Amino acid sequence: MSTHLDPETLSELLESLSDPEEAKRTMRRIQPLRGVRGVSLAEVNQIAIATWEETPPTLGVDDEGLSELFSAAWEDGLVAIGLLAAAGLSDPEGALDLAEEWATRTDDVETADVLGALVVGPACIALGKPLTSLACLHNSRAAARRIAVVAGLAYTPWTLSGPGTGPLRTKLGEKDLRFVETPDHRAIAAILGSVIRDEAPQLRKAVRRLLTEWHRYAPEEATEWVLRFPGGVPKMISEVVLPKPKRKPRRRR
């Protein structure tokens, strides 16, 4: 049996599990150019786990196979990201290089979120690389820029969840996955500050999410950052941490 990743066989397996109704539901939620097969996320995760257990990819050897799998379809991409996340624990630099290349082909928010949280964020932490130096942060696609913002979640004690986490849990033997015990205030503030004026809806939602998680674990620091940010923070972002002003009672005539 081959010891290398076989993307064609994996894609055929995913296709055999495809369901037209599941495909319709997925397409109503996202519309990636790669297309969707209609495979449940539970099955996607199980395939990723089984692949990691049987033929875990080695970065530098299986890069081409992983990239081929990522490009095949949306579900295939989630499996590829999950495998890359686990492999990246041993080679964060190789994982980050591949993730940055995949970012140029990412056009949906769910792929962006998984790639950012599972691969890019942890790799940057391991390498001591600032999120603000990521190439994807300057991509013309909002989904690609979103990767850098969502990567900031790895700098909070937020617990990883969702598709693609199976291989990481399997390798680490941990159910609850997080990469830091306390928020890295400097790193989070830097990435938020670099995109705070970006008005793309996909970016703003990611910024709100990261600020919300920062505030969850460090409310004083997150609030102070919002209040002190030069030029002010847009209301739709600042409102996730600042209390809403009380409405004055109407006077009865």
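These notes cover the structure that comes with them.

Rules behind the numbers
Residues numbered from 1 in each chain as written. Predicted model: local features only at pLDDT ≥ 70, side-chain atom pairs only at ≥ 80, totals over all residues. Heavy atoms only, no water. Axes fitted to C-alpha atoms, helices over the stretch in contact; angles between N-to-C directions. Helix = DSSP H or I, 4+ residues; strand = E, 2+ residues; numbered from the N terminus. Parallel < 35°, antiparallel > 145°, perpendicular 65-115°, else oblique. Left-handed = near helix turned anticlockwise from the far one by under 90°. Contact = heavy atoms within 4.5 Å. Salt bridge = Lys/Arg side-chain N within 4 Å of Asp/Glu carboxyl O. Buried < 20%, exposed > 50% of the residue type's maximum accessible area, 1.4 Å probe, protein only. Nonpolar A, V, L, I, M, F, W, Y, C, P; charged D, E, K, R; others polar. Phe/Tyr/Trp six-rings, centres within 6.5 Å; stacked < 30°, edge-to-face > 60°. Expected span 1.5 Å × (residues − 1). Bend = angle between axes of the 7 residues up to and from the residue. Polar contact = N/O pair within 3.5 Å; in protein donor to acceptor, adjacent residues only side chain to side chain. Core = buried A, V, L, I, M, F, W, Y, C linked by side-chain atoms within 4.5 Å.

Bringing the packing of helix H1 (residues 7-16) against helix H4 (residues 63-72) into the picture now. Close contact between H1 and H4 brings their axes to 9 Å; oriented N to C, the two are set at 25°. Between H1 and H4, the crossing angle belongs to the class labelled roughly parallel. Seen along the crossing, H1 lies across H4 with a hand that is right-handed. For the pair H1 and H4, contact is made by Pro7, Leu10 and Ser11 and by Gly65, Glu68, Leu69 and Ala72, respectively.

Time to look at the pattern of salt bridges. What the rule picks out here adds up to 13 salt bridges. Here Arg209 ties to Asp113 by a salt bridge, and the two come within 3.5 Å at their closest N and O atoms. Pair noted here: Arg209 is in helix H11 (residues 201-217) and Asp113 is in helix H7 (residues 109-127), with a separation of 96 residues, a long-range link. The buried category is assigned to Asp113, whose relative accessible area is 15%.

This part takes up the packing of helix H5 (residues 74-87) against helix H6 (residues 92-103). Running from N to C, H5 and H6 point in directions that differ by 155°, and their axes come no closer than 10 Å. As the angle between them shows, H5 and H6 are arranged roughly antiparallel. As H5 runs across H6, the sense of the crossing is left-handed. Contact residues: Ala80, Ile81 and Leu84 in H5; Ala95, Leu98, Ala99 and Trp102 in H6. Taken together, the residues of the contact of H5 with H6 sort by class into seven nonpolar, no polar and no charged.

Turning to helix H10 (residues 185-195), its buried residues are Ala187, Ile188, Ala189, Ile191, Leu192 and Val195. Elements that come into contact with the buried residues of H10 comprise helix H8 (142-150), H11 and helix H12 (219-228).

This part takes up the packing of aromatic side chains. Under the defined criterion, the tally for this structure stands at three aromatic pairs. Their ring planes at 10° and their centres at 4.5 Å tell us that Phe70 and Trp102 sit as a pair that is stacked. One end of the pair, Phe70, is in helix H4; the other, Trp102, is in helix H6, with 32 residues separating them in the sequence. The same class applies to Phe70 and to Trp102, which are both buried. Connected via pairs of aromatic rings, a cluster forms that spans Trp214, Trp225 and Phe229.

With that settled, consider H7. Taking 1.5 Å as the rise per residue, H7 with 19 residues should run 27 Å; its terminal C-alpha atoms sit 25 Å apart, in good agreement. Along its length, H7 shows its largest kink, about 40°, at Gly116. Counted residue by residue, H7 has 14 buried out of 19 residues, so it is predominantly covered. Two or three places before Glu110, at the opening of H7, Asp108 has a side-chain oxygen 3.2 Å from that residue's backbone nitrogen.

Counting residues in hydrophobic clusters, the biggest one holds 78 residues, and the most contacted among them are Trp102, Val119, Val120, Leu211, Trp214 and Trp225. Take this core: its biggest share by element is 10 residues, from H5. What Trp225 contacts, discounting residues up to four positions off in sequence, is Ala189, Leu192, Gly193, Ile196, Leu211, Trp214 and Val233.

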